[in-house]
Amino acid sequence: MTFYDRRDLGLLLLRLGAGGVLVAHGTQKLFGWFGGHGIEGTGQFMESVGYRPGKASATAAGIAETGGGTLLALGLATPAAGAAAAGAMAGAAAVHAPNGFFNQEGGYEYAATLGLAAIGLAVTGPGRLSLDHALGHVLDRGWMVPAALGTAAAATAVVVGTRVKRLQRESESVEAEQDALFDETPPSQG
């Protein structure tokens, strides 16, 4: 007879909560559920904040959130699920970082909290009340944690870094255009 302890119950609740929130946000992006804007609207937003191409970025974020959240909730392939969700949240945090930490000011607090919960689950594991445990942890081996988190960190660094460089180039271009407008001499009147 198997007895579950409070750690297993706590991990189950954390997985269901964080995974459920991630799924809700991902399906807003992918399908427009729960008041979301779907791929079209989310793609336009992604373009506006520097993630291009917008539709591809919206699709990738939606899949990472929906897929990662579903797998976290189920406790299946927990290292990969946590890494995917954390990568998506790092991308979201990058958009909100200029607004500071707190969510009420538009900051990155919310994305950071979900991302850290996902990383924590990837590192800790899903507990015994999970599909990973039921399947003998074939998709939850110790070596998978650094591999999944390292891969997600590298991919996220490339995506966020590309966005930052693009936004810097655009800002410099706008500044150059504005400088050119102010440097023009008015036509002489004669």
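The sections below set out a description of the structure shown in this document. None of the values given here were measured: they were computed from a predicted structure.

1. Quick look at the layout of surface pockets
Here the largest pocket defines a volume of roughly 1,000 Å³. Taken together, 41 residues line the largest pocket, and the ones lying closest to its centre are K29, M46, A61, E65 and A88. When contributions to the lining of the largest pocket are tallied by element, the ones reaching two or more residues are helix 1 (6–31), helix 2 (38–48), helix 3 (54–74), helix 4 (78–96), helix 5 (109–124) and helix 7 (144–183). The greatest single-element share of the lining of the largest pocket, amounting to 9 residues, is contributed by helix 4. Here the residues of the lining of the largest pocket are counted per class, giving 21 nonpolar, 15 polar and 5 charged. Estimated volume of the second largest pocket: approximately 160 Å³. Together, 14 residues line the second largest pocket, and A86, G87, A90, I119 and T156 are the ones closest to its centre. Going through the elements one at a time, helix 4, helix 5 and helix 7 are the ones with two or more residues in the lining of the second largest pocket. Take the lining of the second largest pocket: its biggest share by element is 6 residues, from helix 4. Across the lining of the second largest pocket, the residue classes break down as 11 nonpolar, 3 polar and no charged.

2. Considerations on the nonpolar core
If you look at the biggest cluster of nonpolar residues, it comprises 16 residues, and the most contacted ones within it are L22, L72, A85, M89, L114 and A118. With 6 residues, the single largest contributor to this core is helix 4. Excluding its chain neighbours within four sequence positions, the residues that come into contact with L72 are R15, G19, L22, T78, A81, G82, A85, A118 and L121. Of all hydrophobic cores here, the second largest spans 8 residues; its members include M46, V49, A58 and V160.

3. Topic: the packing of helix 1 against helix 3
Helix 3 packs onto helix 1 with a crossing angle of 155° between their chain directions and a minimal axis gap of 7 Å. Here helix 3 runs roughly antiparallel to helix 1, going by the angle between their axes. Handedness of the crossing formed by helix 1 with helix 3: left-handed. In this structure, helix 1 uses R15, L16, G19, L22, V23, H25, G26, T27, K29 and L30 to contact helix 3, whose residues at the interface are A58, T59, A61, G62, I63, E65, T66, G69, T70, L72, A73 and L74. Its residues assigned to classes, the contact of helix 1 with helix 3 comprises 10 nonpolar, 9 polar and 3 charged.

4. Regarding helix 2
All buried positions along helix 2 are accounted for by G38, T42, G43 and M46. Mapping the buried residues of helix 2 onto a view down its axis gives an arc of 135°, with all of them on the same face. Structural note: helix 2 exposes Q44 and S48 on the side pointing more than 90 degrees away from its buried face. On its buried face, helix 2 is in contact with helix 1 and helix 3. Once helix 2 ends, the next one or two residues include G50, with phi positive near 100°.

Conventions and cut-offs
- Residues numbered from 1 in each chain as written.
- Predicted model: local features only at pLDDT ≥ 70, side-chain atom pairs only at ≥ 80, totals over all residues.
- Heavy atoms only, no water.
- 1 Å grid on protein atoms, 1.4 Å probe; cavity = no way out; pocket = protein on both sides within 12 Å on 5 of 7 lines; lining within 4 Å.
- Points joined across faces, edges and corners; volume = space filled by probe spheres on them.
- Helix = DSSP H or I, 4+ residues; strand = E, 2+ residues; numbered from the N terminus.
- Nonpolar A, V, L, I, M, F, W, Y, C, P; charged D, E, K, R; others polar.
- Core = buried A, V, L, I, M, F, W, Y, C linked by side-chain atoms within 4.5 Å.
- Buried < 20%, exposed > 50% of the residue type's maximum accessible area, 1.4 Å probe, protein only.
- Contact = heavy atoms within 4.5 Å.
- Axes fitted to C-alpha atoms, helices over the stretch in contact; angles between N-to-C directions.
- Parallel < 35°, antiparallel > 145°, perpendicular 65-115°, else oblique.
- Left-handed = near helix turned anticlockwise from the far one by under 90°.
- Arc of directions from axis to C-beta.

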